[in-house]
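Each chain, written out:
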Amino acid sequence: MSEEKRIELPDLEALEAELERTRYRKRYGSVLRSTAFSLVVVAAVAVLIAVLLLPVLQISGTSMTDSLQDEDIVVALNSSGYETGDIIAFYFNNNILVKRVIAAPGDWVDIDEEGNVYVNEELLEEPYVTDKALGDCNITLPYQVPDGRCFVMGDHRATSIDSRNTAVGCVSNDMVIGKILVRVWPLEGFGIVK
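Residues numbered from 1 in each chain as written. Predicted model: local features only at pLDDT ≥ 70, side-chain atom pairs only at ≥ 80, totals over all residues. Heavy atoms only, no water.

What follows concerns the nonpolar core. By size, the foremost hydrophobic cluster in this structure holds 14 residues, and its most contacted members are Ile102, Val109, Val117 and Phe151. For this core, the elements supplying multiple residues, two or more each, are β4 (95-103), β5 (108-111), β6 (117-119) and β9 (149-153). Not counting residues within four places of it along the chain, the set of residues in contact with phenylalanine 151 comprises Arg100, Val101, Ile102, Ala103, Val109, Ile139, Tyr143, Val145, Ser163, Arg164 and Cys170. Listed in part, the 12 residues of the second largest apolar core include Leu57, Ile59, Met64 and Val74. (Core = buried A, V, L, I, M, F, W, Y, C linked by side-chain atoms within 4.5 Å. Buried < 20%, exposed > 50% of the residue type's maximum accessible area, 1.4 Å probe, protein only. Helix = DSSP H or I, 4+ residues; strand = E, 2+ residues; numbered from the N terminus. Contact = heavy atoms within 4.5 Å.)

It is worth spelling out the layout of surface pockets at this point. In this structure, the largest pocket spans a volume of roughly 250 Å³. At the level of elements, β1 (56-58) and β4 are the ones that each hand at least two residues to the lining of the largest pocket. It is β4 that provides the largest number of residues to the lining of the largest pocket, a total of four residues. Taken together, the residues of the lining of the largest pocket break down into seven nonpolar, five polar and one charged. (1 Å grid on protein atoms, 1.4 Å probe; cavity = no way out; pocket = protein on both sides within 12 Å on 5 of 7 lines; lining within 4 Å. Points joined across faces, edges and corners; volume = space filled by probe spheres on them. Nonpolar A, V, L, I, M, F, W, Y, C, P; charged D, E, K, R; others polar.)

Bringing the pattern of salt bridges into the picture now. It is possible for side chains of opposite charge to pair when their charged atoms get near one another. Using the criterion set out here, one finds seven salt bridges in the structure. The residue arginine 183 makes a salt bridge to aspartate 72 at a minimum N-O spacing of 2.9 Å. Highlighted residues: arginine 183 in strand β11 (residues 176-185) and aspartate 72 in the loop between β1 and β2 (73-77), separated in sequence by 111 residues. There is no split in this pair, since arginine 183 and aspartate 72 are both buried. In this structure, the salt-bridge partner of arginine 157 is glutamate 126, at a minimum N-O distance of 2.6 Å. In this pair, arginine 157 sits in the loop between β9 and β10 (171-172) while glutamate 126 sits in the loop between β7 (122-123) and β8 (143-144), placing the two residues 31 residues apart along the sequence. There is no split in this pair, since arginine 157 and glutamate 126 are both buried. (Salt bridge = Lys/Arg side-chain N within 4 Å of Asp/Glu carboxyl O.)

Now for the sheet that holds β6. The four strands are arranged β7-β6-β5-β8 in an open sheet whose pairing can be described as antiparallel. One side of each edge strand has no neighbouring strand; the edge strands of this open sheet are β7 and β8. Across three bridges, the pairing between β5 and β6 is antiparallel. Of the residues in β6, the one forming a bridge with valine 109 is valine 119. (Pairing = 2+ DSSP bridges.)

What follows is about the state of the cysteines. Inspection of every chain in the model, using the stated rule, returns zero disulfides. No disulfide involves cysteine 137; its sulfur sits 11 Å from that of cysteine 170, the nearest cysteine. No disulfide involves cysteine 170; its sulfur sits 7.3 Å from that of cysteine 150, the nearest cysteine. Judged by relative accessible area, which is 7%, cysteine 170 ranks as buried. (Disulfide = S-S within 2.5 Å.)

Taken by themselves, the reported measurements are silent on function.
Spelled out as structure tokens, the structure:
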């Protein structure tokens, strides 16, 4: 006697269940690919914004004490729209420096022995400076700010190397990264930078 091999066919319910599992896998794969693509696009846009429009910087040093502290993390607005009193970040010798704009192109800057700053012969109100000092100044005062440049100083006048010294000098517009807007770290210092 010969034995017949019988192939058992699945019933209709088993076929429908297998078909549903296959459809689910396809939908799951499609959703996963779509989500991954969306995340990559969002990350790329975030990086572009952070690099081009809103650079994030970490403060290194004490030249802006008390306004900004060493290791604070700040966000700048990449723009040339800054004015006297604003804190800006700029490139200098492959470094990024952060200083306060004191005078605009064409203005005359004078600093007396006590550290009082005069712009166009008017005493500058500087509530952000706790200890005034002439600091490391090797320029001839009064000093006229050249065209296309701004005169910057750190808030910690005794230690800051800035436009008072020819090593840094006045900052040209093409060196400026942007205006410092917000401190984001440490959290207890979170807020608008003034």
